[in-house]
Amino acid sequence: HSSLFIHHFFFTNYFCIIKIEAMQSKATTPEEYIDSLPEDRKKIITQLRKTIIKNLPKGFKEGMSYGMLGYVVPHSLYPDGYHTDPRQPLPFISIASQKNHIALYHMGLYGGEYLDWFQKEWKKHTDKKLDMGKSCIRFKKPEDVPLDLIGELCTKITPQDWIAVYEKNLKR
């Protein structure tokens, strides 16, 4: 189970799903990314961005990651970087405007203690069916995004917590 966890979590889940599924942007800044979006997506991606920035614990850094808006543990906090490419900072959350949905990738949900919490809270915040992969939450329409719940989710894990979870599972 543990070696499968590492393979699926840190390789298949992040690289393959994102590279196959994402409409990868060539934008080099979050602002450029948002400006490149269709009008119907700009508002919700901007709202998601503001919600994440407002609620993420101190230490995460925003930037472009794999063609999406990314929130990472920077090398200044975790010099080892991402194990499959140590030049990259440790990924944590990404948001993207896909062809048929808005995607939020939250690595802390993948097999973590917050998955059950999130699934229970989801029902309190929306009557929409939860459309979720291993760490990807998909929203068909902008109005389907429960910003308050996403904000609360963002407060749950500090960069230090995420590093500890990552390293524990990396060593399995």
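Quick note: structure is the one above.
Attention here is on the structure that accompanies the text. Note that the structure is a prediction, hence the values are computed from the model and not measured. (Residues numbered from 1 in each chain as written. Predicted model: local features only at pLDDT ≥ 70, side-chain atom pairs only at ≥ 80, totals over all residues. Heavy atoms only, no water.)

Three or four residues apart is the spacing at which side chains of an α-helix point the same way, because the helix has 3.6 residues per turn. If you check helix α4 (residues 114-125), its first and last C-alpha atoms are 16 Å apart, about what 12 residues at 1.5 Å a residue would give, namely 16 Å. Here α4 has its buried residues at Y114, W117, F118, E121 and W122. The buried residues of α4 occupy an angular sector of 140 degrees when the element is viewed end-on, so they sit on one face. For α4, the exposed residues lying more than 90 degrees away from the buried face are K120 and K123. (Helix = DSSP H or I, 4+ residues; strand = E, 2+ residues; numbered from the N terminus. Expected span 1.5 Å × (residues − 1). Buried < 20%, exposed > 50% of the residue type's maximum accessible area, 1.4 Å probe, protein only. Arc of directions from axis to C-beta.)

Let us now look at the packing of aromatic side chains. Considering all chains together, one arrives at 7 aromatic pairs under this definition. Seen from their ring centres, F118 and W122 are 5.9 Å apart, and the 50 degrees between their planes marks the pair as tilted. Highlighted residues: F118 and W122, both in helix α4, separated by 4 residues, approximately one helical turn. For the residue pair F118 and W122, the accessibility class agrees, reading buried in each case. Ring plane angle 50 degrees and centroid distance 6.4 Å describe the contact between W162 and Y166, whose orientation is recorded as tilted. One end of the pair is W162 and the other is Y166, both in helix α6 (residues 159-170) and 4 residues apart, which spans about a single turn. Here W162 and Y166 have matching classes, each one buried. Taken together through their ring pairs, the aromatic side chains of F60, Y78, Y82, F92, W162 and Y166 make up a single cluster. (Phe/Tyr/Trp six-rings, centres within 6.5 Å; stacked < 30°, edge-to-face > 60°.)

With that settled, consider the sheet that holds strand β6 (residues 136-139). An order of β1-β2-β3-β4-β6-β5 is seen for the 6 strands of this open sheet, with the pairing classed as antiparallel. The sheet is open, and its two edges are formed by β1 (61-65) and β5 (131-132), each paired on a single side. Contacting β1, β2 (68-73), β3 (90-97) and β4 (102-106), helix α3 (residues 39-55) runs over the sheet at an angle of about 155 degrees to β3. Helix-sheet contacts for α6 involve β2 and β3, and the interaxial angle to β3 is about 105 degrees. (Pairing = 2+ DSSP bridges. Contact = heavy atoms within 4.5 Å. Axes fitted to C-alpha atoms, helices over the stretch in contact; angles between N-to-C directions.)

In most cases, non-glycine residues show a negative phi, while peptide bonds are predominantly trans. Residues other than glycine seldom take positive phi values, yet Y66 does so here, at roughly 55 degrees. Judged by its relative accessible area of 17%, Y66 falls in the buried class.

Okay, the pairing of β4 next. By the criterion of burial, β4 is predominantly enclosed, with 5 of the 5 residues buried. Neither face of β4 is exposed, since I102, L104 and H106 on one face and A103 and Y105 on the opposite face are all buried. Relative to β4, β3 runs antiparallel, the two sharing 5 bridges. Bridging across to β4, A96 finds its partner in A103. Between β3 and β4, which pair antiparallel in sequence order, lie 4 residues.

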